[in-house]
Amino acid sequence: MLSFLARRSFHSLIVLFVMSFVIYGLIGLMPGDPVDLMISADPEITSEDAIRLRAIYGLDQPLWSRYLHWLGAAISGDLGYSRLYAQPVWDAILPALGNTLGLLISSLTLALMIALPAGILAATRPYTLSDYGINLAAFAGISVPPFWLGILLILFFSVTLGWFPAGGTADAGGATELWERLQYLVLPVASLTIAGIGGHTRYMRASMIEVLRQDYIRTARAKGLSESRVVLGHALRNAMIPVVTVIALDLGVLFSGALITETVFAYPGMGKLIFDAIMGNDYNLALVGLLLATALTLVGNLLADIAYASLDPRISYAELDQ
Amino acid sequence: MSIAHSPPVDTPTKIVFNRFLRHRLALVSAVLLGLLVLLSTAAPLIEAALDLDADAVNLFGRYSAPSMEHWLGTDELGRDVFIRLLYGGRVSLFVGLTATITAAIIGTTIGIMSGYIGGRVDALFMRVTDGVISLPVLPLLIVLAAIDLGKVGLPESMVDNENVSLYRIVAIVALVGWTTVARLVRATTLALKTRPFVLAAKAQGAGSLRIMLRHILPNLASPIIVATTLSVGNVILLESVLSFLGLGIQPPLPSWGNLLTGAQETIWEAPGLAFYPGLLIFVTVIAFNFIGDGLQDALDPRAQDRRGG
């Protein structure tokens, strides 16, 4: 177990390391560079000044040498300064990270609370009206464009009914009461929850149907157990294994969903931060934000591996390592 | 005599076709999608027939309500919404199909080589596949969509081409979308390569390339078709998200995604502008998903058994 964990973490670190170079290179390919931004801000800069500035900031160096320089600084804790937020990158990211984690955890919890029972219900009554209904709803959930869902929620709950604010956070509105703060969370959380229900319902249903045809389920039924004991007591634990794995694997998808939701609702989380940083030529911030998002998905993959092997005693870590 | 009375035997194609017809939702979806493709393709004809111009700006007729002249009203520049939706459909469907097919070709090539050659090639390809799967797709696509093509070394004539956003999005979506097909093809190839017909071909002296193309590839058709159909929907969603964020298809070229870009600001004055493009994306994506589901049942009957059919 420990050697498995160590090896997998090592693999993840290598991927993260490779990605840091790739992302660094890609960000260098975005339009303009820091000196271009200075020139556009100050018309008095001559082209000789620009060359001198590029030399001072090391922008005339080849890519690998600039990257090594950045990496050295990053490892010693200096992630640079954010242009958009006018503060160190880390100080800009921390509150956004908290906001996003809050959004992700609450919407994932809600989505699972709806999707898992729905999937089990559909699986225990295959090819009935309720199965078709649940399946249809799940298909609708995975097919709806997430940003349009957000816009529709705004259209209905903000424009027509006027129940909830269309975006932003409580800080902008000067609200201090808990309820007023929560109001700003309702629509983003609802949007991300609805977007996630469909996929989880389909996984749960498929996995449950697969388990329900096993021999030990027939045995459990033959010895006279009630259907609910069979499903919840005997089948559920095994049916959950692939579902838990998929949930962990989908952390990256969830993060992409958060980026869209945060942008639509102007919610100050990591997704919107990364988007704004890329659009606003905030290179340092974009780089660190993207690396954090990559790290998050890699942790999800690691969790999926661990869950897969530790929930199913038939699978050993040694096998997974092949 | 008895031969004349035996019931006619269906060809495999006919069996598959009949099974597909039984999946009613898939059938309805196929008809609906056919209609959408037809309408979008015929956009210039419809435009001429209705005596409208998709690009005609009329600042005196902004946000007009649906009427006989403008079936779905007009947008913030007074352009006809219905015709622009049809033109947007051309772009969105084109991107969806070409990007998916490109991704399927990349995925099939990598998967079949990985599965058939095995060894180090397999290890390398699968590491790369695992790496791409484990990446946060959307943030990376945003970076890829934001890079300056001039800095990559593309000639200026290409960078300034007005359709460059179209090709760019096909390329970057294909770049991350091939992994599902690659894994599926690899797994199927692994199962196929020990089958007697492959061994027989090998015994006759057929080379690796010939075995892969002539003996294995045809047998991969069903899984590839199913996986590709199911991913068209995802690709259209990705295109619409990127275009919505202002990074995909660039106006004035309309796509269903970029038609929604400004919709959030005009949502109070013209809610319809925020509604129709999204509805078309939704209908198209769900239709592709139902068709994929139907094809899966039709091409792989065991899949339906496994799912409790």
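Residues numbered from 1 in each chain as written. Chains lettered and ligands numbered in written order. Predicted model: local features only at pLDDT ≥ 70, side-chain atom pairs only at ≥ 80, totals over all residues.

**So, the overall build of chain B**
Next up, step 1: Counting secondary structure elements, chain B contains 16 helices and zero strands.
Next up, step 2: For chain B, with 309 residues in total, the buried portion stands at 39%.
Next up, step 3: By sequence separation, contacts in chain B at least 24 residues apart represent 70% of the contacts at least 6 residues apart. (Helix = DSSP H or I, 4+ residues; strand = E, 2+ residues; numbered from the N terminus. Buried ≥ 20, exposed ≤ 12 C-beta atoms within 10 Å, placed from the backbone. Contact = placed C-beta atoms within 7 Å.)

**Digging into the overall build of chain A**
Next up, step 1: The helix and strand inventory of chain A stands at 15 helices and two strands.
Next up, step 2: The principal-axis extents of the C-alpha atoms in chain A amount to approximately 90 × 55 × 35 Å.
Next up, step 3: Buried residues in chain A amount to 37% of all 322 residues.
Next up, step 4: Pairs at least 24 apart in sequence give 69% of the contacts found in chain A among residues at least 6 apart.

**Examining the nonpolar core**
Next up, step 1: Core analysis: the biggest nonpolar cluster contains 141 residues, and Trp148, Ile151, Met208, Ile274 and Ala286 of chain A together with Ile142 and Val241 of chain B have the highest contact counts within it.
Next up, step 2: Look past the residues within four positions of Val241 of chain B in its chain and what remains in contact with it is Pro145, Phe147 and Ile260 of chain A together with Leu138 and Gly257 of chain B. (Core = buried A, V, L, I, M, F, W, Y, C linked by C-beta atoms within 7 Å.)

**A closer look at the interface of chain B and chain A**
Next up, step 1: Residue-level contacts link 38 residues of chain B with 38 residues of chain A.
Next up, step 2: Of all the secondary-structure elements, those providing two or more residues to the side of chain B that touches chain A are α7 (137-146), α8 (149-152), α14 (221-244) and α15 (271-299) of chain B.
Next up, step 3: In terms of residue count, α15 of chain B provides more of the side of chain B that touches chain A than any other element does, nine residues in total.
Next up, step 4: Considered class by class, the residues forming the side of chain B that touches chain A number 26 nonpolar, eight polar and four charged. (Nonpolar A, V, L, I, M, F, W, Y, C, P; charged D, E, K, R; others polar.)

**As for the environment of His200 of chain A**
All names here are of chain A.
Next up, step 1: In this fold, His200 is placed in helix α9 (residues 178-212).
Next up, step 2: Here the alpha-carbon distance between His200 and Ser65, two residues 135 residues apart in the chain, equals 45 Å.
Next up, step 3: Residues contacting His200, with those up to four places away along its chain left out, are Ala111, Leu112, Ala115, Leu116 and Gly119.

**Some thoughts on unusual backbone geometry**
Residue and element names in this part refer to chain A.
Next up, step 1: Even without glycine at this site, Tyr127 takes up a positive phi of about 60°.
Next up, step 2: When you line up the elements, Tyr127 lands in the loop between α5 (89-124) and α6 (129-143).
Next up, step 3: Judged by the 11 C-beta atoms lying within 10 Å of it, Tyr127 falls in the exposed class.

**Some thoughts on the packing of helix α12 (residues 251-265) of chain A against helix α13 (residues 270-279) of chain A**
Residues and elements named next belong to chain A.
Next up, step 1: Where α12 meets α13, the closest approach of the two axes is 7 Å, and the angle between their N-to-C directions is 75°. Taken as axis vectors, α12 and α13 run roughly perpendicular relative to one another. Side by side, α12 and α13 meet where Phe255, Ala258, Leu259, Glu262 and Thr263 of the first sit next to Gly271, Lys272, Ile274 and Phe275 of the second.
Next up, step 2: Residues belonging to the contact of α12 with α13 are distributed by class as follows: five nonpolar, two polar and two charged. (Axes fitted to C-alpha atoms, helices over the stretch in contact; angles between N-to-C directions. Parallel < 35°, antiparallel > 145°, perpendicular 65-115°, else oblique.)

**Focus on helix α3 (residues 24-41) of chain B**
Along an α-helix, residues three or four positions apart point the same way, because every turn accommodates 3.6 residues.
Residue and element names in this part refer to chain B.
Next up, step 1: Between the first and last C-alpha of α3 there are 26 Å, a value that for 18 residues agrees with the 26 Å anticipated at 1.5 Å per step.
Next up, step 2: Here α3 has its buried residues at Ala26, Ser29 and Ser40. Down the axis, α3 shows its buried residues gathered within 55° of arc, on one side only. Of the exposed residues in α3, those oriented more than 90 degrees away from the buried face are Arg24, Val31, Gly34, Leu35 and Leu38.
Next up, step 3: On its buried side, α3 packs onto α2 (12-22), α4 (43-49), α5 (81-117) and α15. (Expected span 1.5 Å × (residues − 1). Arc of directions from axis to C-beta.)

**Section: the packing of helix α10 (residues 215-222) of chain A against helix α11 (residues 227-249) of chain A**
Residue and element names in this part refer to chain A.
Next up, step 1: Two numbers describe how α10 lies on α11: the axes approach to 10 Å, and their chain directions differ by 145°. Crossing of α10 against α11: the hand is right-handed. Touching Tyr216, Ile217, Ala220 and Arg221 of α10 are Val230, His234 and Ala235, all from α11.
Next up, step 2: Per-class residue counts for the contact of α10 with α11 are five nonpolar, one polar and one charged. (Left-handed = near helix turned anticlockwise from the far one by under 90°.)

**Thoughts on α6 of chain A**
Next up, step 1: The terminal C-alpha atoms of α6 of chain A lie 21 Å apart, and with 15 residues this matches the ideal 21 Å at 1.5 Å per residue to within 8%.
Next up, step 2: Listed as buried for α6 of chain A are Ile134, Asn135, Ala138, Phe139, Gly141, Ile142 and Ser143 of chain A.

**A look at the confidence of the model for chain B**
All names here are of chain B.
Next up, step 1: Mean pLDDT over chain B works out to 82, with 88% of the residues at or above the 70 mark.
Next up, step 2: The element-level mean pLDDT for chain B is lowest in helix α16 (residues 301-306), coming to 53, with α5 highest at 91.
Next up, step 3: Ignoring residues within four places in sequence, the model shows residues 305-309, a span with pLDDT below 50, making six contacts including any to other chains.
Next up, step 4: Overall fold confidence (pTM) sits at 0.84, and the ipTM for the predicted complex is 0.84. (pLDDT = per-residue confidence, 0-100.)

**A closer look at the environment of Asn284 of chain A**
Next up, step 1: Note that Asn284 of chain A resides in helix α14 (residues 283-311).
Next up, step 2: Sequence separation between Asn284 of chain A and Ser82 of chain A is 202 residues, and the spatial gap between their C-alpha atoms is 6.1 Å.

**Focus: the confidence of the model for chain A**
Next up, step 1: Per-residue confidence for chain A gives a mean pLDDT of 84, with 94% of residues at or over 70.
Next up, step 2: When mean pLDDT is taken per element in chain A, α5 of chain A scores highest with 91 and helix α8 (residues 170-173) of chain A scores lowest with 56.

**Some remarks on the environment of Pro188 of chain A**
Residue and element names in this part refer to chain A.
Next up, step 1: Its location among the elements puts Pro188 in helix α9.
Next up, step 2: Its 26 C-beta neighbours within 10 Å are what place Pro188 among the buried residues.
Next up, step 3: Taking C-alpha positions, Pro188 is 6.5 Å from Phe265, a pair spaced 77 residues apart along the chain.
Next up, step 4: Those residues in contact with Pro188 that sit more than four places away from it in its chain are Leu103, Thr261, Phe265 and Tyr267.

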